[in-house]
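Residue-level structure breakdown
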Amino acid sequence: MEIFSPCNSNAGLPEDDSYLECGLPEFLQLSLNSMKATWDRLDLGEEYLRWDCDYCNLQSDINSATGSRAWNRNAPGAGY
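Because the structure is a prediction, the values reported are computed rather than measured. (Residues numbered from 1 in each chain as written. Predicted model: local features only at pLDDT ≥ 70, side-chain atom pairs only at ≥ 80, totals over all residues. Heavy atoms only, no water.)

Moving on: the pattern of salt bridges. Side-chain pairing between opposite charges can occur once the charged atoms of the two side chains come close. Per the stated rule, a full pass over the model turns up 1 salt bridge. The partner of Glu46 in a salt bridge is Arg41, and the shortest N-O contact between them spans 3.1 Å. (Salt bridge = Lys/Arg side-chain N within 4 Å of Asp/Glu carboxyl O.)

Our focus in this paragraph is the packing of helix H1 (residues 26-43) against helix H2 (residues 51-67). Put simply, H1 and H2 touch, their axes get as near as 9 Å, and they point 155° apart. Relative to H2, H1 is oriented roughly antiparallel. The handedness of the crossing between H1 and H2 is left-handed. Across the interface between the two elements, Phe27, Leu28, Ser31, Leu32, Ser34, Met35, Thr38 and Leu42 from H1 touch Trp51, Asp54, Tyr55, Asn57, Leu58, Asp61, Ile62, Ser64 and Ala65 from H2. Looking at the contact of H1 with H2 residue by residue, the classes come out as 10 nonpolar, 5 polar and 2 charged. (Axes fitted to C-alpha atoms, helices over the stretch in contact; angles between N-to-C directions. Helix = DSSP H or I, 4+ residues; strand = E, 2+ residues; numbered from the N terminus. Parallel < 35°, antiparallel > 145°, perpendicular 65-115°, else oblique. Left-handed = near helix turned anticlockwise from the far one by under 90°. Contact = heavy atoms within 4.5 Å. Nonpolar A, V, L, I, M, F, W, Y, C, P; charged D, E, K, R; others polar.)

With that out of the way, let us pick up H2. Compared with the 24 Å implied by 1.5 Å per residue over 17 residues, the 24 Å span of H2 between its first and last C-alpha is a close match. The complete set of buried residues in H2 reads Asp54, Leu58 and Ala65. End-on view of H2: buried residues confined to an arc of 45°, all on one side of the axis. Turned more than 90 degrees from where H2 packs its buried face, Asn63 and Gly67 sit exposed. Lining the buried residues of H2 we find H1. Arg69 sits one or two residues past H2 and shows a positive phi near 65°. (Expected span 1.5 Å × (residues − 1). Buried < 20%, exposed > 50% of the residue type's maximum accessible area, 1.4 Å probe, protein only. Arc of directions from axis to C-beta.)

Right, let's talk about the state of the cysteines for a bit. The full count for this structure, using the stated rule, is 0 disulfides. Of all cysteine sulfurs in the structure, the one in Cys56 sits closest to Cys53, which takes part in no disulfide; the separation is 6.8 Å. Note on Cys56: relative accessible area 49%, which makes it partly exposed. (Disulfide = S-S within 2.5 Å.)

By the secondary structure assignment, Ser31 is in helix H1. Ignoring sequence-local partners within four residues, the contact set of Ser31 consists of Asn57, Leu58 and Asp61.

A separate point is the nonpolar core. Soluble globular proteins: nonpolar side chains tend toward being buried together. Formed by Leu24, Leu28, Leu32, Met35, Leu58 and Ala65, the largest nonpolar core amounts to 6 residues. Listing elements by their share of this core, those giving two or more residues are H1 and H2. Among the elements that take part in this core, H1 stands out by supplying 3 residues, more than any other. Dropping the residues within four chain positions of it, Leu32 is found in contact with Glu21, Leu24 and Leu58. (Core = buried A, V, L, I, M, F, W, Y, C linked by side-chain atoms within 4.5 Å.)

Below, the structure written as C-alpha cells:
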C-alpha cells in the first residue's frame, strides 16, 4: 500500500482508501459503522430522526478514544 495513492481526477479522492479507518478501537469502529448505516438510510431518502444521536455518539467516541489514548490519529497507520 502506498501512502500517497493516485487520486480520482473527478472527485479528488484517493483511489486506494484502504489506509483509512484502520487500527481503530472496537467501540469507535462500531460507532463509525453505525454512522455509515445512518448515512445510507438518509441517502435513500428514509426519514430517520435519530441521525443526530448517531452523529453525536460518533463524535463522543472519537473524543473518548483520543482522550484516553486508546487511539492517536497522528500515529503511523492510524488512518486519519
